[in-house]
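Architecture and fold: a report
Here are the chains, one letter per residue:
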Amino acid sequence: MYVPFDTMPEESRIWIYQANRKLSDDEMQEIEVALEEFVSNWAAHGTGLEASFITKYNRFIILTVNQEKQAATGCSIDASVQFIQDLEKKYEIDLLDKMNVTFRLGDFIAHKPLIEFKKMAKEKAVSGNTIVFNNLVNTLGEWQEFWEVPASESWHSRFF
């Protein structure tokens, strides 16, 4: 069951998918329609999940489930991964590779393989003050507080 993103409780579980390229506004509009349809029908063991989504910066898809109402299970999580894989194929993007880093360079959002980000840190092209997207957060509350943070305040700090 789709509910508005801003009504989801802070304890809701989230999954963050980052695209390896900026998506066009038209692509985002299509993806948001598909997301709403998917989330509206998303279920665990036949019970509808209270779920939502948000897209950010034409690059991120964030899915969320209110675990207090009905927990996402292995099969429902598998269904969401299949949905994301279908988006990858349709839009020729990579959403599942966790070995990439997305970060801000001024007003620009950059996306680099982890090895390149490490090299940039070594060369001081990025620093502990560089704003990174910490996609390892697990709840909506963590996302609100710790998603866009200086690299020194996330797992990225090991590179400085």
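Coordinates for the structure precede this section.
This text gives an overview of the structure that appears in the document. (Residues numbered from 1 in each chain as written. Predicted model: local features only at pLDDT ≥ 70, side-chain atom pairs only at ≥ 80, totals over all residues. Heavy atoms only, no water.)

A few words now on the layout of surface pockets. Space left empty within the atom packing is revealed by a probe, the size of a water molecule, rolled over the atoms. Here the largest pocket is characterised by a volume of approximately 340 Å³. Ile16, Lys98, Asn135, Leu136 and Val137 are, among the 22 residues lining the largest pocket, the residues nearest its centre. Among the secondary structure elements, those contributing two or more residues to the lining of the largest pocket are strand E1 (13-18) and strand E6 (100-105). It is E1 that provides the largest number of residues to the lining of the largest pocket, a total of six residues. (1 Å grid on protein atoms, 1.4 Å probe; cavity = no way out; pocket = protein on both sides within 12 Å on 5 of 7 lines; lining within 4 Å. Points joined across faces, edges and corners; volume = space filled by probe spheres on them. Helix = DSSP H or I, 4+ residues; strand = E, 2+ residues; numbered from the N terminus.)

With respect to burial, E1 is a largely interior element, five of its six residues being buried. Here E1 pairs with strand E5 (residues 60-65) via six bridges, running antiparallel. Bridged to Arg13 within E5 is Val65. (Buried < 20%, exposed > 50% of the residue type's maximum accessible area, 1.4 Å probe, protein only. Pairing = 2+ DSSP bridges.)

A few words on the pattern of salt bridges. Using the criterion set out here, one finds two salt bridges in the structure. For the salt bridge of Glu27 with Arg21, the shortest nitrogen-to-oxygen distance reads 2.9 Å. Residue classification places Glu27 among the buried positions, given a relative accessible area of 16%. The exposure class of Arg21 is partly exposed, given its relative accessible area of 28%. Glu148 serves as the salt-bridge partner of Arg104, at 3.1 Å between the closest nitrogen and oxygen. Of this pair, Arg104 sits in strand E6 while Glu148 sits in strand E9 (residues 148-150); the two residues are 44 residues apart in sequence, bridging distant segments of the chain. Judged by its relative accessible area of 22%, Arg104 is partly exposed. (Salt bridge = Lys/Arg side-chain N within 4 Å of Asp/Glu carboxyl O.)

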